[in-house]
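Here is what each chain is made of, one letter per residue.
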Amino acid sequence: MAEVVEFRVPAASAQTLLVWGLEPEPDLEHSLFSVFSKFGPLYSVRAHRNAAVAGPGYYAIIKFYSAGDASRAQRACNGQRLFQKSPLKVCVCTKQKGFQQQVLALNSNKCQELANHYFGFNGWSSRIITLQNVSDFDGGNEELGETLQKRSVKYLCAVEVTLPNHGVRTRGVALGEADIENSEDPLEFVTATRRVQKLAVGKALSSAFQKILLVVLENGKVAVEYDSTQEELTDSLTEEELKGLVQRTDHKSDHMQ
């Protein structure tokens, strides 16, 4: 049976394994990652010390992107010693009734890791369509009778992700911003500008990946679907129209300064 994998933080109980009976050792999380990543890409591996009532030792929570990968890992690893002397207990987490976890978008680094796993390093590409400064400048606060010389640095970015082997192109648009406490310090301004540019690019890249659905087949092959429910108004614009929209926003900010 096929499974849909999204570029989102895993939140389903079927994607999460609970491992207990772990013995203390250096780099415990690294050892767990080495074993369980063989079954599929992992979102996270977290090891924790047992509660006092449970006795000495550790337990771990491992999140997979794919529920199928998590199930295979559970069946293969439960009751096995793996990297320690005593056997481990591994189970799929049970669903908590009445508890609904918010589904969050993956950050850009995690998106790229997942894309590299399913498409290969050369199976996808991204490019920046536009990255424009849309900063404004806030002057005095008339209500308080104070003059607050605080500059807000804002960059708007549009990114395109292409999957050439699947004939899919998606676009993401995002805003990155940060306040500068001391607008007179040129070093602080330059540092903040670079940080905001990187943030805008990363958020736009993540947004583009949100529109991609991975359909993982039983034989391991991957099909790709475009998720139209994530479509934005800017997706219908041409590149020239999009750049013009960003530039008009930029000019508007300039007039406000």
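Right above here is the structure, for reference.
Residues numbered from 1 in each chain as written. Predicted model: local features only at pLDDT ≥ 70, side-chain atom pairs only at ≥ 80, totals over all residues. Heavy atoms only, no water.

To continue, consider the packing of aromatic side chains. Per the counting criterion, the structure on display carries three aromatic pairs. Taking 5.4 Å as the distance between ring centres and 70° as the angle between the ring planes, the aromatic pair formed by W124 and F209 counts as edge-to-face. You can see W124 sitting in the loop between α3 (108-119) and β6 (125-133) and its partner F209 sitting in helix α4 (residues 186-209), a full 85 residues away along the chain. Here W124 falls in the buried class, since its relative accessible area comes to 12%. Judged by its relative accessible area of 0%, F209 is buried. (Phe/Tyr/Trp six-rings, centres within 6.5 Å; stacked < 30°, edge-to-face > 60°. Helix = DSSP H or I, 4+ residues; strand = E, 2+ residues; numbered from the N terminus. Buried < 20%, exposed > 50% of the residue type's maximum accessible area, 1.4 Å probe, protein only.)

Before going further, it helps to spend a moment on the layout of surface pockets. In this structure, the second largest pocket occupies an estimated 280 Å³ of space. As for the second largest pocket, its lining consists of 17 residues, of which S66, D69, R72, V216 and L217 are closest to the centre. Where the lining of the second largest pocket is concerned, the elements lending two or more residues are β1 (3-6), α2 (67-77) and α3. At four residues, the largest contribution of residues to the lining of the second largest pocket is made by α2. (1 Å grid on protein atoms, 1.4 Å probe; cavity = no way out; pocket = protein on both sides within 12 Å on 5 of 7 lines; lining within 4 Å. Points joined across faces, edges and corners; volume = space filled by probe spheres on them.)

Core analysis: the biggest nonpolar cluster contains 33 residues, and F7, F119, F209 and L214 have the highest contact counts within it. Of all the secondary-structure elements, those providing two or more residues to this core are α3, β8 (146-163), β9 (168-180), α4, β10 (212-216) and β11 (222-226). The residues contacting F209, other than those within four sequence positions of it, are F7, C111, A115, W124 and V161. Counting 20 residues, the second largest nonpolar core, distinct from the first, contains V19, V45, Y58 and A73. (Core = buried A, V, L, I, M, F, W, Y, C linked by side-chain atoms within 4.5 Å. Contact = heavy atoms within 4.5 Å.)

Turning our attention to the pattern of salt bridges. Going through the model one piece at a time under the given rule, you end up with seven salt bridges. One salt bridge connects R72 with D69, and the closest N-O pair in it is separated by 3.1 Å. Taken together, the residues R72 and D69, both in helix α2 and three residues apart, mark about one turn of the helix. Owing to a relative accessible area of 12%, D69 belongs among the buried residues under this scheme. Close ionic contact of E160 with R169 constitutes a salt bridge, the shortest N to O distance being 3.2 Å. Using a relative accessible area of 10% as the deciding quantity, one classes E160 as buried. (Salt bridge = Lys/Arg side-chain N within 4 Å of Asp/Glu carboxyl O.)

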